[in-house]
Amino acid sequence: MTPWAGYASSGTLGVMDEPDVPSSFEAFRESFAYGERNDLNFKFMKSMTDAEAASFLQKLLHQIGDTYDTGDAVPLIETVYQAQVDSYSPAPDSPPPMFSYADGPLAPVETSLRNTRAGLLTASGHFVSGDDPNPFGEIAMTQERAIERSEDFLSSTPLLSEIPVATPATELRVRHAGYDIRSSLKDPNVTFPIDRMKEARDSGTIGGLASTFFSFPGITAQGRLRNVLPQWVERIHEEDVDVMLLVPV
Amino acid sequence: MSVGHVARAIEASGIPTVTVVTKSFAHRASEMSIPRALAVRHPVGRPMGAPLDTNRHTYVLNAALDMFESTTVNGTIVELPEPYRPVRFEL
C-alpha cells in the first residue's frame, strides 16, 4: 500500500497504510468504532442508521462552510455533541438494560462541606508515572495498543490505580481504550480533577482531602468489576473520607 | 455503567457519593438509580469541561459538591444547562 498521512487511533498524525475503500456507507460509518478509521469521538456513528449518519455528516459539512467565514467552531461542537447524545440514548424499542434498579442506597451526609474530607475516584484510566498497572502484563502499553485490546479490557477485571494527592499533574499518565484521551493529555483535570479538588480544599470549600485518589479504566467487565468492589470499598474506607466524588468519562 | 456499580457499592457502605456524568450517559444514572448524579452538557471524555477551562471545572465541581447538601432522595439527577465551550490555547 502507498504510505498515507492519516490519523492513528490515538488521534496523532502519522504515516500509515491507507485504509481500504469501504464496501458500503454502513461499513464506512462503522469503521470509526474500532475499525480502520477508529476515532473514539465519533464511534457513536456505528449506532446510527445510514440515514441518520448521512444527515449528520451533511449538516457538519454545511457548518464547516459557515466556519470558514465566522471562525466559530462552537456550532460544530454542538452538532457533534447532540448527535452523540442522541446515539447513546436508548431507542423506545430497545431491550431492557442489563443493570437496572428501581431504587438504591442513599447514605446520609453527616457534616457540612467545610468540615468534610473528600475523596476522588474516576474511570478515566489515570495512573502515576512509574506505577503503570501494566494491564495483561504488557509493559508500557500505548494508547494505540490499548485500543487494539479493547475487547480484552471488556472481558477483564479492572485494575485500580492509587494516586497520591500530592502527585503533580505532570507526573500523571492516562490510557483508556474507550474515549479520546487527547483532552486529558492536555489537562488531566478534564477527567481527573485533582487540581480543582486541591483548590476546593485550599479555599475552604471542603474541609480536607483523602491522602490518595483512585482511577481505573472504565472499559471493563461489569461482573468482574462487581466482584472486586468489596476490596475497593474497603480501601476507600481506609482513606477515612466523608464523601466521594466519582467521575466516569 | 462501571461507575454506577462503584457508586452504589460505596454508598451502600455508608459513604455518600456524587457522580458527574456527561449527558450521553445520564440515562445510565437513571437506570441504575445512582444516588446523586450531576449531568453536564459536555462531550463524552470531557466531563469537567475543556482543557485549561479552570472556571468551568470549578463550576462543575462546586455544583457536584452542592449536591451532597441538597439531595434528599436516591436517584436525584441535576442537569447543568451550560453547553461545552472550547478554550483556545497553544499546543
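> Run through the overall build of chain B, naming residues and quoting values.
A tally of helices and strands in chain B yields three helices and three strands. In chain B, the order of α-helices and β-strands from amino to carboxyl end is α-β-α-β-α-β. Here the C-alpha radius of gyration of chain B, 14 Å, is about what a compact globule of 91 residues would show, namely 12 Å. The principal-axis extent of the C-alpha atoms belonging to chain B is close to 45 × 25 × 20 Å. By residue count, 62% of the 91 residues in chain B fall in the buried class. Put simply, 61% of the contacts in chain B that link residues at least 6 apart link residues at least 24 apart. For chain B, the exposed area adds up to about 3,300 Å²; of that, 52% sits on carbon and sulfur atoms.

> Account for the interface of chain A and chain B, with residues named and values stated.
Chain A puts 63 residues into the contact, and the matching count from chain B is 63 residues. Between chain A and chain B lies a buried interface of about 5,200 Å² when both sides are counted; carbon and sulfur atoms form 68% of it. Of all residues in chain A, Tyr81(A), Leu106(A) and Leu246(A) bury the most surface against chain B, accounting for 12% of the area lost on that side. The tally of links from chain A across to chain B stands at one salt bridge.

> Help me get a handle on unusual backbone geometry, residues and values and all.
Residue and element names in this part refer to chain A. Despite not being glycine, Phe-136 has its phi angle at roughly 60°, a positive value. Of note, the phi angle at Asp-240 is positive, near 55°, even though the residue is not glycine. Mapping Asp-240 onto the fold places it in the loop between α8 (222-237) and β9 (243-247).

> Mind laying out the pairing of strand β3 (residues 117-122) of chain A, listing which residues take part and the relevant values?
Residue and element names in this part refer to chain A. Burial runs high along β3: five of the six residues are buried. Where β3 lies against strand β7 (residues 208-209), two bridges are found, and the strand directions are parallel. The residue of β7 that forms the bridge with Ala-118 is Leu-209. Across two bridges, β3 lies against strand β8 (residues 212-215) in parallel orientation. When the bridges of β8 are listed, Thr-122 appears paired with Ser-215.

> Can you lay out the packing of helix α7 (residues 194-202) of chain A against helix α3 (residues 54-70) of chain B for me, pointing to particular residues and giving the numbers?
Two quantities define a packed helix pair, namely the angle between the helix axes and the distance between the axes. The geometry of α7(A) relative to α3(B) is characterised by a closest axis approach of 10 Å and an angle of 65° between their N-to-C directions. As judged from the angle between their axes, α7(A) and α3(B) are roughly perpendicular. Taken as a pair, α7(A) and α3(B) cross one another with a handedness that is right-handed. Counting all contacts with α7(A), which are made through Arg196(A), Met197(A), Glu199(A) and Ala200(A), the residues of α3(B) involved are Thr54(B), His57(B), Thr58(B) and Leu61(B). Considering only residue class, the contact of α7(A) with α3(B) consists of three nonpolar, three polar and two charged.

> Tell me about α7(A), residues and numbers included.
Residues of α7(A) that are buried include every one of Ile194(A), Arg196(A), Met197(A), Lys198(A) and Ala200(A), and no others. Gly204(A) sits one or two residues past α7(A) and shows a positive phi near 85°.

> Please give an account of the pattern of salt bridges that cites residues and values.
All names here are of chain A. Scanning the model with the defined rule gives 17 salt bridges over all chains in all. A salt bridge links Asp-50 to Arg-29, with the nearest nitrogen and oxygen atoms 2.6 Å apart. Of this pair, Asp-50 sits in helix α2 (residues 50-70) while Arg-29 sits in helix α1 (residues 25-30); the two residues are 21 residues apart in sequence, bridging distant segments of the chain. On the accessibility criterion, Arg-29 (6% relative accessible area) is buried. The partner of Arg-145 in a salt bridge is Glu-148, and the shortest N-O contact between them spans 3.0 Å. Placement of the pair is Arg-145 and Glu-148 together in helix α4 (residues 143-148), with a separation of three residues, close to one helical turn. What makes Arg-145 partly exposed here is its relative accessible area of 32%. Within the structure, one salt-bridge network assembled from shared partners comprises Glu-138, Arg-145, Glu-148, Arg-149 and Asp-152.

Criteria and thresholds
- Residues numbered from 1 in each chain as written.
- Chains lettered and ligands numbered in written order.
- Predicted model: local features only at pLDDT ≥ 70, side-chain atom pairs only at ≥ 80, totals over all residues.
- Heavy atoms only, no water.
- Helix = DSSP H or I, 4+ residues; strand = E, 2+ residues; numbered from the N terminus.
- Rg over C-alpha atoms; globule rule 2.2 N^0.38 Å.
- Buried < 20%, exposed > 50% of the residue type's maximum accessible area, 1.4 Å probe, protein only.
- Contact = heavy atoms within 4.5 Å.
- Areas by Shrake-Rupley, 256 points an atom, 1.4 Å probe, with all protein chains shown as cover.
- Buried area = accessible area lost by both parts, 1.4 Å probe.
- Salt bridge = Lys/Arg side-chain N within 4 Å of Asp/Glu carboxyl O.
- Pairing = 2+ DSSP bridges.
- Axes fitted to C-alpha atoms, helices over the stretch in contact; angles between N-to-C directions.
- Parallel < 35°, antiparallel > 145°, perpendicular 65-115°, else oblique.
- Left-handed = near helix turned anticlockwise from the far one by under 90°.
- Nonpolar A, V, L, I, M, F, W, Y, C, P; charged D, E, K, R; others polar.

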